[in-house]
Amino acid sequence: MNKLIATLIAGLFVTAAHAQTTTTTTATTTAADSRVVKAETKAEKDIIDAEKKEIKTAVKANEKVNKQMAKSSEIKSKAHANLVESHTDAAAKVAKADPEDRAKTMAKAEEKVADANLKAEKKMIKADEKVMKAQVNAAADKATAAAKTEQVRAEAQADVHKAAAKN
């Protein structure tokens, strides 16, 4: 009987000790899970903020390109209008010229038309160049924003791993 009572009492102590160890481990695990959950929540928030900034940067860059395209179109339209006006003036001068001076007037008119063509082409080329610069700058801004977002993602993932490693 003494052995039976001693075995039961020993079993009770073992069960109690095991139960306390499990409770302590569960509390520690719950705290660790809480840290991981908090780290994941913060990481998600940081990633969302970074993505918002990336989208804003892309929108601004696209707006700059569109604005420059509109300016370029306006410059090209004015250059073309000036070119047409120059052609019209030259043709009118040739038509008004005396038959004796017509060849000389025609040569001058052709020279003025050639100068007007060159001037218009230069304006159009510069306008296109500005559009291309705006597009390149926009692409660079977008790439930089995307790289920053990836950096935030990597840092957030590292923070989550650190929180998980503190177990």
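Refer to the structure presented above.
The following paragraphs examine the structure supplied in this document. (Residues numbered from 1 in each chain as written. Predicted model: local features only at pLDDT ≥ 70, side-chain atom pairs only at ≥ 80, totals over all residues. Heavy atoms only, no water.)

## Concerning the overall build of the protein
Note the following rule: Labels follow the DSSP assignment, with helices taken as runs of H or I lasting at least four residues and strands as runs of E lasting at least two, numbered in each case from the N terminus. Burial here depends on accessible area, computed with a 1.4 Å probe over protein chains only, as a share of the maximum for the residue type. Under 20% is buried, over 50% is exposed, and the range in between is partly exposed. Here, residues are in contact when the closest pair of their heavy atoms is within 4.5 Å. Calculation of accessible area relied on Shrake-Rupley with a 1.4 Å probe; when residues are assessed, cover is drawn exclusively from the protein chains displayed.
Along the backbone of the protein there are 2 helices and 0 strands. Looking at the 167 residues of the protein, the share that counts as buried comes to 17%. Contacts in the protein between residues at least 24 apart in sequence constitute 85% of all its contacts with a sequence separation of at least 6. Approximately 12700 Å² of the protein is accessible, and the part contributed by carbon and sulfur atoms is 61%.

## Observations regarding a positive patch on the surface
The line we're drawing: Nonpolar side chains (Val, Leu, Ile, Met, Phe, Trp, Tyr) are joined into patches within 5 Å and like charges within 9 Å, using only residues with over 30% relative accessible area and no salt bridge. By definition here, a salt bridge exists when the distance from a side-chain nitrogen of Lys or Arg to a carboxyl oxygen of Asp or Glu is within 4 Å. The positive count covers Lys and Arg only, the negative count covers Asp and Glu only, and His and the chain ends enter neither. For charged residues, the charge sits on one atom: NZ in Lys, CZ in Arg, CG in Asp, CD in Glu.
Together, Lys52, Lys53, Lys56, Lys60, Lys64 and Lys148 line one region of the surface with positive charge. Here the positive patch takes 5 residues from helix 1 (residues 2-96), the largest share from any one element. Along the polypeptide, Lys56 turns up in helix 1.

## A closer look at the nonpolar core
Put simply, the rule reads: The nonpolar core is taken to be a set of buried Ala, Val, Leu, Ile, Met, Phe, Trp, Tyr and Cys residues, with the residues joined through side-chain atoms within 4.5 Å.
Val36, Ala39, Ala43, Ala156, Val160 and Ala163 form the largest nonpolar core, which has 6 residues in total. Listing elements by their share of this core, those giving two or more residues are helix 1 and helix 2 (102-165). Ignoring anything within four residues of it in the chain, the contact list for Ala43 reads Ala156 and Val160. With 5 residues, the next largest nonpolar core counts Ala79, Leu83, Ala120 and Met124 among its residues.

## Focus: the pattern of salt bridges
Enumeration according to the criterion identifies 7 salt bridges in this entry. The closest approach of N and O atoms between Glu150 and Arg153, which form a salt bridge, is 2.5 Å. Within this pair, Glu150 and its partner Arg153 are both found in helix 2, separated by 3 residues, close to a single helical turn. Overlapping salt bridges, with partners in common, bring together Glu51, Glu150 and Arg153 in one network.

## Structural notes on the side chain of Ser72
Structurally, Ser72 is set in helix 1. By relative accessible area, which is 3% here, Ser72 ends up buried. Setting aside its immediate chain neighbours within four residues, Ser72 contacts Ala127, Asp128 and Val131.

## As for the environment of Leu118
Relative to the helices and strands, Leu118 resides in helix 2. The class of Leu118 is partly exposed, set by a relative accessible area of 46%.

## Looking at the side chain of Thr105
We apply this condition: Polar contacts, as counted here, are pairs of nitrogen or oxygen atoms within 3.5 Å of one another; within protein the pair requires one atom able to donate a hydrogen and one able to accept it, and residues that are adjacent in sequence qualify only if both atoms are side-chain atoms.
Its place among the elements puts Thr105 in helix 2. A distance of 2.8 Å separates a polar side-chain atom of Thr105 from the backbone oxygen of Asp101. When sequence neighbours within four positions are dropped, the list of residues in contact with Thr105 reads Lys93, Val94 and Ala97.

## Some remarks on the environment of Ala107
Along the polypeptide, Ala107 turns up in helix 2. Judged by relative accessible area, Ala107 falls into the partly exposed class, the value being 43%. Once the C-alpha coordinates of Ala107 and Val94 are considered, the two residues, 13 residues apart in sequence, prove to be 9.2 Å apart.

Shape descriptors only; they carry no functional weight alone.
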